[in-house]
Every structure is written in C-alpha cells, then in structure tokens.
Amino acid sequence: MKINFFELNSIIYKKQGTKKQSYQDRMNSKTFDDGISIVALADGLGSKSKSDIGAEIAVETAIETLHKVFANRDTDNPDKSLAEDMVTSVLYNIKKQISQEAGTTDINKLKEYSCTLLFAIMKDNKMFLGQMGDGYIVAKRNNGATKLVCSPKNDNTEYANGTETIFSSPKYMNITFGNREDFEYIFLSSDGTDKLIR
C-alpha cells in the first residue's frame, strides 16, 4: 500500500448573520525512522471558542502518543488490550496537553477546546484505525469493495447535531484493525463530506 496524504479542508466560511471565521480542522502526518506511519485529523467544534487550538493539540499529541504505544509493541496479533491502550493513552495525553495550554483543570473551561479525532497507524503489514466523534473512515479493499469501517457512536440526543468529542467517554472511540495489503486506500473524513461516501 503506497502512503499518500491529502488535506481537503482549507475553507474559510461565513454563515449568514455571523462574523467570518476560520475552519477548525487540523491534519498532520508523520513517518518515523522505525517505519511507523501515522496520520491524524481533528475537527474543532465551531461552537467552542478555542476548538482550533484544541484540534491542533489533539493531532500533534495523538501522533506522538500513538508512536510511543506502537514503537516497542508486537502488533502481529492485535487484541483488546492494544485497543484499550490506544484509546486511554491518546485521550489522557490530549487532555493533559490541553490542560497545560489552558492553565486549568476546570472541565468547563477545557471543553472550549473540544474537537473530534480520527487517526490511522501503519506498522509493518498492519493498519490500525481510530475514530471519535462525527467523522468517518472509509476503506477501499483490493477486491474493489468500498466499506465504511468507522462511523459515529453517539448517545447524545440533547441536540440533533450533537457529537462526541475528546472529552467524551472512551467508549465512544471506534478502533479497527486490518492488514495493509488488503486495502487500496483509506479515507478519513471530518463531518461535512460524509454524504459523498454513502
């Protein structure tokens, strides 16, 4: 599987009756010296005042944390403990970094940095995908089949457009494992483009 990363979200928008603001999506990717490749995408909640900063922190922290999780770990036979380690390590470290940025542990203030998160890790012949929030991960298999492999888990019924974020319970993060050679490509999408893949 050849690894190419594209960012398709650099849009400045203006809603009627509101002031112009920048998009809150952030994306980055890194291939480490040990061959592990990681891409992460975070979408800051537009209703939160510092969600663009939260998305930036989430992306950079997720990449570094996931590399540490995978660097010295045998991933030939991934199991539930690996998934749990990925989820707890990533969410804990993101919240820690945001808390340091904000200078507080007050959860109500930290939620101003709220964002969703998607990531993909490629190590040796394995692929590991993670999703928290209203984004989607789609994979095209080598047999030509396209499959939605990660989609939102959401019990938030207070608002029709409610979504889980990095501050939600870890149970809302989806983790999927697969063999790299089985896929032609994967597509990580924050909200707003999901209708293209349904």
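Residues numbered from 1 in each chain as written. Predicted model: local features only at pLDDT ≥ 70, side-chain atom pairs only at ≥ 80, totals over all residues. Heavy atoms only, no water.

Q: Explain the packing of aromatic side chains here, please?
A: Two aromatic rings, taken as a pair, are described by how far apart their centres are and by the angle between their planes. All chains considered together, the criterion is met by two aromatic pairs. With centroids separated by 4.7 Å and ring planes inclined at 55°, the aromatic side chains of phenylalanine 70 and phenylalanine 128 adopt a geometry described as tilted. Residue phenylalanine 70 is found in helix α1 (residues 51-71), and its partner phenylalanine 128 is found in strand β4 (residues 126-132); the two are separated by 58 residues along the sequence. Here the two residues phenylalanine 70 and phenylalanine 128 agree in accessibility, since each one is buried. Taking the centre distance of 5.3 Å and the plane angle of 70° together, the rings of phenylalanine 128 and phenylalanine 177 count as edge-to-face. On the criterion of sequence distance, the pair formed by phenylalanine 128 in strand β4 and phenylalanine 177 in strand β7 (residues 174-179) is long-range, its members being 49 residues apart. Phenylalanine 128 gets classed as buried once you look at its relative accessible area, which sits at 0%. (Phe/Tyr/Trp six-rings, centres within 6.5 Å; stacked < 30°, edge-to-face > 60°. Helix = DSSP H or I, 4+ residues; strand = E, 2+ residues; numbered from the N terminus. Buried < 20%, exposed > 50% of the residue type's maximum accessible area, 1.4 Å probe, protein only.)

Q: Help me out: how do you make sense of the nonpolar core in this one?
A: Considering soluble globular proteins, one finds that nonpolar side chains tend to be buried as a cluster. Within the largest apolar cluster, 33 residues are counted, with the highest numbers of intra-cluster contacts made by Leu66, Phe70, Met86, Leu117 and Ile121. Here the element with the most residues in this core is α1; it accounts for nine residues. With near-sequence residues (within four places) excluded, methionine 86 lies in contact with Leu66, Val69, Phe70, Phe119, Ile121, Phe128, Ile175 and Phe177. If you look at the next biggest cluster of nonpolar residues, it comprises 14 residues, including Leu129, Ile137, Phe183 and Leu188. (Core = buried A, V, L, I, M, F, W, Y, C linked by side-chain atoms within 4.5 Å. Contact = heavy atoms within 4.5 Å.)

Q: Explain the sheet that holds strand β3 (residues 115-123) to me, please; I cannot follow it from the model alone.
A: Within a sheet, neighbouring strands are paired by backbone hydrogen bonds and run either parallel or antiparallel to one another. Ordered in space as β1-β2-β3-β4-β7, the five strands form an open sheet in which the pairing is antiparallel. Single-partner strands in this sheet number two, and they are β1 (25-31) and β7. Ignoring strand direction, the axes of neighbouring strands in this sheet form an average angle of 10°. Across the sheet, α1 lies against β1, β2 (37-44), β3 and β4, angled at about 155° from β2, the strand it touches most. Lying over the sheet, helix α2 (residues 80-102) contacts β3, β4 and β7, oriented at roughly 130° with respect to β7. (Pairing = 2+ DSSP bridges. Axes fitted to C-alpha atoms, helices over the stretch in contact; angles between N-to-C directions.)

Q: What exactly am I supposed to notice about the environment of asparagine 77 here?
A: Residue placement: asparagine 77 occurs in the loop between α1 and α2. With a relative accessible area of 65%, asparagine 77 lands in the exposed category. Taking C-alpha positions, asparagine 77 is 9.8 Å from phenylalanine 177, a pair spaced 100 residues apart along the chain.

Q: Looking at this structure, how should I read the sheet that holds strand β8 (residues 183-189)?
A: On the basis of which strands lie adjacent, the open sheet formed by three strands has the order β6-β5-β8 and antiparallel pairing. Both outer strands of the open sheet, β6 (146-150) and β8, are each paired with one neighbouring strand and no more. When strand polarity is set aside, the average angle formed by the axes of neighbouring strands in this sheet is 25°. As defined by bridge partners, strand β5 (residues 136-141) adjoins β8 across six bridges and the pair is classed as antiparallel.

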